[in-house]
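# Residue-level structure breakdown
In case you want the letters, here they are:
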Amino acid sequence: MKKLDRKRVFDLLKKDNQALIGQEINVKGWVRTRRGNKNVAFIALNDGSIIHNLQVVVDVKAFGNDELLRQITTGSCISVNGKLVESQGKGQSVEVQATEITLYGSADPEKYPLQKKGHSLEFLREIAHLRPRTNTFGAIFRIRHALSFAIHKFFNDEGFYYLHTPIITGSDAEGAGEMFRVTTLDLKNPPLDDKGEVDYSQDFFGKETNLTVSGQLEGELGALALSNIYTFGPTFRAENSNTSRHLSEFWMIEPEMAFYDIHDNMDLAESFLKYLVAYLLAHCEDDLAFLQKMYDDKLFERLRMVQEHTFERLTYTEAIAVLEKSGKKFEYPVKWGVDLQSEHERYLVEEAYGKPVILTDYPRDIKAFYMKLNDDGKTVRAMDVLFPGIGEIVGGSQREEDYDKLHGRIHEMGIETSDVWWYLETRKFGTAPHSGFGLGFERLMLFVTGMGNIRDVIPFPRAPQNAEF
Ligand code: 4AD
Ligand code: MG
């Protein structure tokens, strides 16, 4: 086969492809369909660079290799040399007139599972090794990439530093006890101490360790030196919630800023989310349009809603009053002090205000130990951002910077000071007002793709009873 520069389908189909028309090019990819008759074959080729397929046209007689053509079936992988020409047919502006084809890998039509369109998302989850080859998951993973890139770009442009916080830790940042243990001890025969408890001093790290539930505590250490940092990494929660909005392994973005109060924190969260939505609208239009057509006819409308509206800001106490006055029958009844369920959050966003909502000043008893206590002694400077269709997408707060108050909270909640002595020390040495938040990356992916289940916005989801692939 003649050696030619490989072009991506993206480059061949883009609007300013004029210079390529009439040229001999090479293109490689996976066959979506092959149709035609004894004179001409049409191959729809996709290489994942764009949602659209490239049409490859084969003059069957001139090509003269029927056996090869027969093996070019859905799912097979080929390399094509040919001339890029303007297309006579409907549905595409250009096509490739094939002169040479190499078959890299066939795909037995009897066995390849992605024969027809319209597989259920549940079925595709069972073949997560192949689902990236569908239009839906190609679009989702390209959007996931664009969103990741935009996150780094936003923070870099704003003067934030990307801080790598550890995956293996000895602490429970959220104090909720939902951790996956990390150990190399022999589970059948662990060493015991004199009380008969497992002796973790003999474990790999000489102490109990787990996968991190959040990079925040270490993020704060960074912010109290570099001023503005962010993390973007995987986090792990062993909560047994089998819902469409929870994963056991999910990615979180956690900015942490010295000298920010809760209002600065809310301003940052709002402008960050608006920036990300605007970035996607500018860079992922074809993929979003596909998802809108297939899954969610209100997708663009909802994205614009985030862009165009100032988020409504109110306190938890005010929100409880709104919920109580709503006259709605909720599955979980509301009264001051309860944790809000997604039905409550969605009522506020979708019915009461019709735009994103930021709730602040939650009761201290339902929030984590590190949040700054308000003067009322009952509430903390927490802030949650609530989105349509999702509920909580961001959770954050101003942090308690006072040593005695923080120490008191840690003691009250039964957290061992020996686990977090280093965190406490930052309040002893040059403490500063500071704030931060965590954005659940897959929650945002749900929102921007219109998908209904969080397992469909991450390549290889981890959930209770589910760690295949
Ligand atoms: O509200 P969370 O638990 O807050 C924290 O972890 C803080 N340390 C963040 C901070 O202030 N730096 O989690 C933050 C966000 C949630 O708002 C939600 O979007 C997402 O993480 N999240 C999950 N996403 C998927 N699956 C789960 N099991 C999630 N738990 C939380
Ligand atoms: Mg939260």
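The structure contained in this document is the topic of the report that follows.

How each quantity is defined
- All chains use their own residue numbering, which begins from 1 and follows the written sequence.
- Chain labels run from A onward and ligand labels from 1 onward, assigned in the order the entries are written.
- The model is predicted, so local features are restricted to residues of pLDDT at least 70 and side-chain atom pairs to those at 80 or more, both for listing and for counting; the totals for chains, interfaces and linings are taken over all residues.
- Excluding hydrogens and water, the side-chain values take into account all heavy atoms of the structure.
- The helix count covers DSSP runs of H or I at least four residues long, the strand count covers runs of E at least two residues long, and both are numbered beginning at the N terminus.
- Residues count as neighbours in contact if any of their non-hydrogen atoms are within 4.5 Å of one another.
- The accessible surface values rely on the Shrake-Rupley method and a 1.4 Å probe; as for residues, cover is taken only from the protein chains in view.
- Counted as positive: Lys and Arg. Counted as negative: Asp and Glu, with His and the chain ends omitted from the count.
- In this description, the location of a charge corresponds to atom NZ of lysine, CZ of arginine, CG of aspartate or CD of glutamate.
- Fitting a line to C-alpha atoms yields each axis, with helices limited to the stretch in contact; the angle taken between N-to-C directions then spans 0 to 180 degrees.
- Should an angle fall under 35 degrees it is taken as roughly parallel, and over 145 as roughly antiparallel, whereas 65 to 115 is taken as roughly perpendicular and any remaining angle as oblique.
- For any helix crossing, the convention is left-handed if the near helix is rotated counterclockwise from the far helix by under a right angle, and right-handed if that rotation is clockwise.
- Proximity criterion: a residue is near a molecule or strand once any of its heavy atoms comes within 4 Å of it.
- Side-chain atoms alone can form a polar contact between residues adjacent in sequence; in general such a contact is a pair of N or O atoms within 3.5 Å, and within protein one must be able to donate a hydrogen while the other accepts it.
- Each residue gets one label: Ala, Val, Leu, Ile, Met, Phe, Trp, Tyr, Cys and Pro are nonpolar, Asp, Glu, Lys and Arg are charged, and the others, such as Gly, are polar.
- Pairs of strands are assigned from DSSP output, requiring at least two bridges between the strands.
- Relative accessibility decides the category of a residue: with a 1.4 Å probe and only protein chains considered, values under 20% of the type maximum give buried, values over 50% give exposed, and everything between is partly exposed.

## A word on the overall build of the protein chain
When its secondary structure is counted, the protein chain shows 14 helices and 16 strands. With the principal axes as the frame, the protein chain shows a C-alpha extent of 85 × 55 × 45 Å. A separation of at least 24 residues holds for 66% of the contacts in the protein chain among residues at least 6 apart in sequence. Accessible area for the protein chain stands at about 22,900 Å²; split by element, carbon and sulfur atoms hold 49% of it. Here the protein chain contributes 56 positive and 70 negative side-chain charges, whose respective centroids are spaced 9 Å apart.

## What to know about the packing of helix α6 (residues 216-226) against helix α13 (residues 417-425)
Interaxial distance between α6 and α13 falls to 9 Å at its minimum, and their mutual angle equals 25°. Judged on the interaxial angle alone, α13 and α6 are roughly parallel. Handedness of the crossing formed by α6 with α13: left-handed. Contacts from Gln-216, Leu-217, Glu-218, Glu-220 and Leu-221 in α6 reach Val-420, Trp-422 and Tyr-423 in α13.

## Focus on the site of ligand 1
As a matter of local geometry, ligand 1 sits amid 24 residues, with Glu-174, Gln-216, Arg-237, Glu-254 and Glu-392 nearest to it. Contact between ligand 1 and Leu-247: a nitrogen atom at 2.9 Å from a main-chain N or O atom of the residue. Residue Glu-392 places a side-chain N or O atom 2.6 Å away from an oxygen atom belonging to ligand 1. Protein coverage of the free-state accessible area of ligand 1, which is 630 Å², stands at 93%. Of all the secondary-structure elements, those providing two or more residues to the shell around ligand 1 are β11 (249-258), β15 (391-398) and β16 (434-440). A total of five residues in the shell around ligand 1 trace back to one element, the largest contributor, which is β15. A per-class count over the shell around ligand 1 returns eight nonpolar, eight polar and eight charged.

## Brief notes about the sheet that holds strand β1 (residues 24-36)
If you trace the five strands once around the closed barrel, you get β1-β2-β3-β5-β4, paired in mixed fashion. Each adjacent strand pair in this sheet contributes to an overall mean axis angle of 55°, direction not counted. Note that strand β4 (residues 77-86) and strand β5 (residues 94-105) share ten bridges and pair antiparallel. Looking at β5, one finds that Glu-86 is bridged to Val-94.

## A closer look at the pairing of strand β13 (residues 357-363)
The side chains of a regular strand alternate, residue by residue, between the two faces of the sheet. With seven of seven residues buried, β13 is to be regarded as a mostly interior element. Strand direction decides the pairing type here: strand β12 (residues 312-315) and β13, joined by four bridges, are parallel. What sits directly across from Leu-314, in β13, is Leu-359. Both β13 and strand β14 (residues 379-387) contribute to a ladder of six bridges, which runs antiparallel. What sits directly across from Val-357, in β14, is Leu-386.

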